[in-house]
Amino acid sequence: QIFSLPPPPSTMTKFTGSLVGMGNPLLDISADVGQDILDKYDVKVDNAILAEDKHLPIYKELVDNYSPQYIAGGATQNSIRVAQWIMTANGKPGQTAYFGCVGNDSFGKQLEDCAAADGVCVHYMKDESTPTGTCAVLVKDGERCLIANLAAANNFKPSHLETDESKAIYESASLYYIAGFFLTVSVDSLKIIAEHSIANNKTFCLNLSAPFIIDFFADQVATALEYADFVFCNESEAEAYGKKHELGDDLKEIALKIAASPKKNEAKKRYVIFTQGSSSTIVAHDGKVEEYKVVPLPKEELVDTNGAGDAFVGGFLAGLLAEKSVGDSVELGHEAARFIIQQSGTTLTKPCELKL
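What counts, and where the lines are drawn
Residues numbered from 1 in each chain as written. Predicted model: local features only at pLDDT ≥ 70, side-chain atom pairs only at ≥ 80, totals over all residues. Heavy atoms only, no water. Core = buried A, V, L, I, M, F, W, Y, C linked by side-chain atoms within 4.5 Å. Buried < 20%, exposed > 50% of the residue type's maximum accessible area, 1.4 Å probe, protein only. Contact = heavy atoms within 4.5 Å. Phe/Tyr/Trp six-rings, centres within 6.5 Å; stacked < 30°, edge-to-face > 60°. Helix = DSSP H or I, 4+ residues; strand = E, 2+ residues; numbered from the N terminus. 1 Å grid on protein atoms, 1.4 Å probe; cavity = no way out; pocket = protein on both sides within 12 Å on 5 of 7 lines; lining within 4 Å. Points joined across faces, edges and corners; volume = space filled by probe spheres on them. Nonpolar A, V, L, I, M, F, W, Y, C, P; charged D, E, K, R; others polar. Pairing = 2+ DSSP bridges. Axes fitted to C-alpha atoms, helices over the stretch in contact; angles between N-to-C directions. Patch = residues over 30% accessible without salt bridge, like charges linked within 9 Å, V, L, I, M, F, W, Y side chains within 5 Å. Areas by Shrake-Rupley, 256 points an atom, 1.4 Å probe, with all protein chains shown as cover. Salt bridge = Lys/Arg side-chain N within 4 Å of Asp/Glu carboxyl O. Lys, Arg positive; Asp, Glu negative; His and termini not counted. Charge placed at Lys NZ, Arg CZ, Asp CG, Glu CD.

S.K.: Quick one: what's the story with the nonpolar core, residue by residue and with numbers?
M.R.: Membership of the largest hydrophobic core comes to 104 residues, with the highest contact counts inside it found for Phe204, Phe274 and Phe316. Look past the residues within four positions of Phe316 in its chain and what remains in contact with it is Phe230, Phe232, Ile273, Val326, Ser329, Val330 and Gly333. Of all hydrophobic cores here, the second largest spans 14 residues; its members include Leu38, Ile58, Tyr59 and Ala136.

Right, here's the structure in full:
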């Protein structure tokens, strides 16, 4: 009699959730700095850039001189973590998964542990030869500047999505979210997820993420935009898009024009959502624009704005998955952002009081 051994236990229980994100997993190295550091590295608050050679010393400088906080980051991963934090508090654990590329190192392990603690199923591609990506978060008077050194995050490959494990994850979901930052890494990977979304009449969401993405990766943005059922960005990105594509400077008009631009799945009309910090959020859809007021936070309660836009998206996506209206989902996004700007970065250690 020959006894066959049972198959080895899977490293991961089968994912049966509804939301999948893909992006650049980065460990935020966050510190309060003075104007001198912003000037030294030629950067401005309320901006996000990719590190050039001149910026590379900043990571060591923060570690050596500023006692920084290390916080799990990466725009898409932040949004997915916030969405899961809200859903877990409302009796819906295990609803989210995330793809990205990290190094085989302690920072990568820290990112994985943090996402897992927030209830997100991470399925990272591991790059043995490149360190995990980092992002310098320079906080001055509550406003933030981001300098990202993608490192391993830049090496995500479509082949990672071709494994049985990856397919099982993204085929289970009904809602997909990818921030524009990923457009510098692998448009082919985005297209695999986006094509699956269209073929199955699912919902695909895109964030324009930063002015430099709009200015220098316009072709990649145009490719991704055709798949997008929901497009998010903030006012500075909206202005950059309007300028780049000669759509004027009226944000409502820009939103309407993006909403009406070519779309692969014509069965769903595109929603375009512009956040404007403490000013009203603009929503354009099917030729109409609505505005949703933000309840401003007293200045003394603001810790930093890092992650505010990501948290807005996380709240919004949790609302969509709970089959809330777009307007109610915007309100949930506002509440999530309001919570996050009272923390340092996207830190979710406090209990969630947001109701779905």
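Still to come is the rest of the account.
S.K.: Give a description of the packing of aromatic side chains that names residues and reports values.
M.R.: Ring pairs (aromatic) are described by centroid distance and by the angle formed between their planes. Applying the stated criterion across every chain yields a total of 12 aromatic pairs. For the ring pair Phe232 and Phe312, a centre distance of 6.4 Å and an interplane angle of 75 degrees mean the geometry is edge-to-face. Residue Phe232 is located in strand 11 (residues 230-234), and its partner Phe312 is located in helix 11 (residues 308-321); the two are separated by 80 residues in the primary sequence. Of the two residues, Phe232 and Phe312, both sit in the buried class. With 5.3 Å between their ring centres and 80 degrees between their planes, Phe232 and Phe316 make a pair best called edge-to-face. Of this pair, Phe232 sits in strand 11 while Phe316 is found in helix 11, placing the two residues 84 residues apart along the sequence. For the residue pair Phe232 and Phe316, the accessibility class agrees, reading buried in each case. Joined through ring pairs, the aromatic side chains of Tyr177, Phe230, Phe232, Tyr271, Phe312 and Phe316 make up one cluster.

S.K.: Before we move on, can you summarise empty space enclosed by the protein with the specific residues and values?
M.R.: Remark: the empty space left among the atoms is shown by a probe the size of a water molecule rolled over them. Within the structure shown, the criterion is met by 1 cavity of 30 Å³ or more. Each pocket or cavity is described by its volume, and for the largest cavity that value is around 40 Å³. Contributing to the lining of the largest cavity are Asp46, Asn47, Ala48, Arg144, Ser209, Ala210, Pro211, Asn234, Ser236 and Glu237. Listed by contribution, the elements that provide at least two residues to the lining of the largest cavity are strand 3 (47-50) and helix 9 (235-244). In terms of residue class, the lining of the largest cavity is built from 3 nonpolar, 4 polar and 3 charged.

S.K.: Can you break down the sheet that holds strand 12 (residues 271-276) residue by residue, with the values?
M.R.: Read from one edge to the other, the open sheet built from 9 strands follows the order 6-5-1-9-10-11-12-13-14, with strand pairing classed as mixed. Each edge of the open sheet is held by one strand with a lone partner, namely strand 6 (121-127) and strand 14 (288-292). Between one strand and the next, the sheet's axes are offset by a mean angle of 20 degrees, whatever the strand orientation. Bridging between strand 11 and strand 12 involves 5 bridges; their strand directions are parallel. Its bridge partner lying in strand 12, Cys233 is registered against Phe274. Its contacts with the sheet put helix 4 (residues 106-117) on strand 5 (96-103) and strand 6, and the angle it makes with strand 6 is roughly 170 degrees. Along the sheet, helix 10 (residues 251-259) makes contact with strand 12, strand 13 (279-285) and strand 14, crossing strand 12 at roughly 150 degrees.

S.K.: Hey, could you go over a negative patch on the surface for me, with residue numbers and the actual values?
M.R.: A cluster of acidic residues, Glu239, Asp249, Asp250 and Glu253, forms a negative patch at the surface. Locating Glu239 in the fold gives a position in helix 9.

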